[in-house]
Amino acid sequence: MASISLRGVQKAYGENAPVIRNVDLEIGKNEFCVFLGPSGCGKSTLLRMIAGLEDVTDGDISIGGKLVNDVPAAQRGVAMVFQSYALFPHMTVYENMAFGLKLAKTPKAEIDRKVREAARILQLEALLERHPKALSGGQRQRVAIGRAIVREPGVFLFDEPLSNLDATLRGQTRIEIARLHRQFEQASVVYVTHDQIEAMTLADKIVLLHSGKDTERYGSIAQVGAPLDLYHRPSSRFVAGFIGSPRMNFLPARVAAIDPNGVSVTLDASGETVRLAVQGSRLAVGAPVTFGVRPEHLEPVEEAAASRDAMDTLTITRAITLIEELGEHSYVHLEQPGGAVLVAKAPGDARLQRGGTARFRANAGACHLFAEDGFAVAPFATVDQPA
């Protein structure tokens, strides 16, 4: 197994602005690290630099404590699984999986043992004599993973391996990759995706990357942490809006008051006021802020029970413009003053109708506040985060 260290890593093409800026990152042994972010943020470029398929413009990359900036890809002890599978069409499944070992002049008996063991793990034993054209997309991806497994690398690199699969196969293969990581405990995994569901369900650590002008201002990394850290404690409005589906609701607001118990804000469009237990030292009364609440943290309440109106609870009544019924739950689109839309999550059997009204409540402990610069206003250290 091998750890990975990136120090001040940058990548630029010619005289153009860097596409990767100021990346400092530690990926531990046996850690499943996911690079997540919007299209064009440099996820695959960063992965290819670790693999040795792209040169580093500036900074250092170390694998297993060894500086590898000038080490060829074949000598880095990593195995890469590509989005396009990259299988040889004229070779059988067995031959594709054995190809790298043959190039390394591994003894035939050892090749056969490793290929058949990988085929057993990936449930490919009955397909070893088939050619890629006779396989489904999910089977081809498993062959590509098997070709990486037989090399027994210290690091596995996955470049959006599920993007060519349909929704059902993505779910099945995602579970397979998670199972494999637990089985091959000696290997670290770096996995690139733009799908936050993959990131949240697979990762020990998520590296969320900026794109565009945010990269120029803050560097490529927006936040690093465990999946639930990014979900419950986003460092900025960008992170809060990217993690979570549907995305967090953002409502313009103003600081109404600052006291030892937190910050009270008034929503611009509706005039409703709520107090959050956050540190207001860098805010001023009257300053513009953004109030954030996730759809799943808006709780539907019956009219008879709607009298609670404490300052640490936001209670709203809105007209329903759309209901997305998904069975177990529904997403309710609520009309906001000014023409905006607020999305709330309700049980699938909730008695709600389009054109009617609904009342929802959110405990302020589950809400977020972002300053004018887009960064989160930190909660008091003694306040428990929502579980």
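Residues numbered from 1 in each chain as written. Predicted model: local features only at pLDDT ≥ 70, side-chain atom pairs only at ≥ 80, totals over all residues. Heavy atoms only, no water.

Draft legend 1. Layout of the pairing of strand β13 (residues 273-276). The alternating pattern of β13 places V274 and L276 on a buried face, while none of T273 and R275, on the opposite face, is buried. Relative to β13, strand β12 (residues 262-267) runs antiparallel, the two being bridged by four bridges. Considered in β13, the bridge of V265 is made with V274. Hairpin connection from β12 to β13: five residues lie between these consecutive antiparallel strands, with G271 at a positive phi of about 80°. (Buried < 20%, exposed > 50% of the residue type's maximum accessible area, 1.4 Å probe, protein only. Helix = DSSP H or I, 4+ residues; strand = E, 2+ residues; numbered from the N terminus. Pairing = 2+ DSSP bridges.)

Draft legend 2. Summary view of empty space enclosed by the protein. Across all of its chains, the model carries one cavity of 30 Å³ or more by this definition. For the largest cavity, the calculated volume is near 100 Å³. Those elements that provide at least two residues to the lining of the largest cavity are α4 (137-149), β7 (155-159) and α5 (167-183). Take the lining of the largest cavity: its biggest share by element is three residues, from α5. Its residues assigned to classes, the lining of the largest cavity shows nine nonpolar, one polar and no charged. (1 Å grid on protein atoms, 1.4 Å probe; cavity = no way out; pocket = protein on both sides within 12 Å on 5 of 7 lines; lining within 4 Å. Points joined across faces, edges and corners; volume = space filled by probe spheres on them. Nonpolar A, V, L, I, M, F, W, Y, C, P; charged D, E, K, R; others polar.)

Draft legend 3. Summary view of the environment of P132. Among the structural elements, P132 can be located in the loop between α3 (108-121) and α4. With residues near it in sequence (within four places) discarded, P132 still touches L87, F88, P89, M91, N96 and R140. (Contact = heavy atoms within 4.5 Å.)

Draft legend 4. Seen up close, the layout of surface pockets. In this structure, the largest pocket spans a volume of roughly 510 Å³. Taken together, 18 residues line the largest pocket, and the ones lying closest to its centre are V78, A79, M80, F82 and R151. A total of four residues in the lining of the largest pocket trace back to one element, the largest contributor, which is helix α2 (residues 93-103). Taken together, the residues of the lining of the largest pocket sort by class into 15 nonpolar, one polar and two charged.

Draft legend 5. Up close: the pattern of salt bridges. Per the stated rule, a full pass over the model turns up 13 salt bridges. Between R48 and E54 there is a salt bridge, with its nearest N and O atoms 3.7 Å apart. What makes R48 partly exposed here is its relative accessible area of 27%. The buried category is assigned to E54, whose relative accessible area is 18%. Residue E176 is joined to R179 by a salt bridge in which the shortest nitrogen-to-oxygen separation is 2.3 Å. Residue E176 and its partner R179 are located together in helix α5, separated by three residues, close to a single helical turn. E176 gets classed as buried once you look at its relative accessible area, which sits at 16%. (Salt bridge = Lys/Arg side-chain N within 4 Å of Asp/Glu carboxyl O.)

Draft legend 6. Geometry of the nonpolar core. In terms of nonpolar packing, the biggest core is built from 49 residues, with M97 and Y191 touching the most fellow members. In contact with M97, not counting residues within four places along its chain, are V115, A118, A119, L124, L128, V143, G146, R147 and V150. Judged by nonpolar contacts, the second largest core, of 30 residues, contains L298, L314, L334 and V377. (Core = buried A, V, L, I, M, F, W, Y, C linked by side-chain atoms within 4.5 Å.)

Draft legend 7. How the structure looks around the sheet that holds β13. Across the sheet, which stays open at both edges, the five strands sit in the order β13-β12-β11-β14-β20 with antiparallel pairing between neighbours. Where the open sheet ends on each side, the last strands, each with one partner, are β13 and β20 (368-370). Neighbour to neighbour, the strand axes of the sheet diverge by 40° on average, direction disregarded. The sheet contact formed by strand β14 (residues 288-293) and β20 spans three bridges and is antiparallel. Residue pairing for β20: G292 is matched across the bridge by H368. (Axes fitted to C-alpha atoms, helices over the stretch in contact; angles between N-to-C directions.)

Draft legend 8. Spatial organisation of the packing of α2 against α4. Relative to each other, α2 and α4 sit at 30°, their axes nearing to 7 Å. Taken as axis vectors, α2 and α4 run roughly parallel relative to one another. Crossing geometry of α2 relative to α4 is assigned as right-handed. Each of V93, N96 and M97 in α2 lies in contact with α4, whose residues at this interface are V143, G146 and R147. (Parallel < 35°, antiparallel > 145°, perpendicular 65-115°, else oblique. Left-handed = near helix turned anticlockwise from the far one by under 90°.)

Geometric values such as these leave the question of function open.
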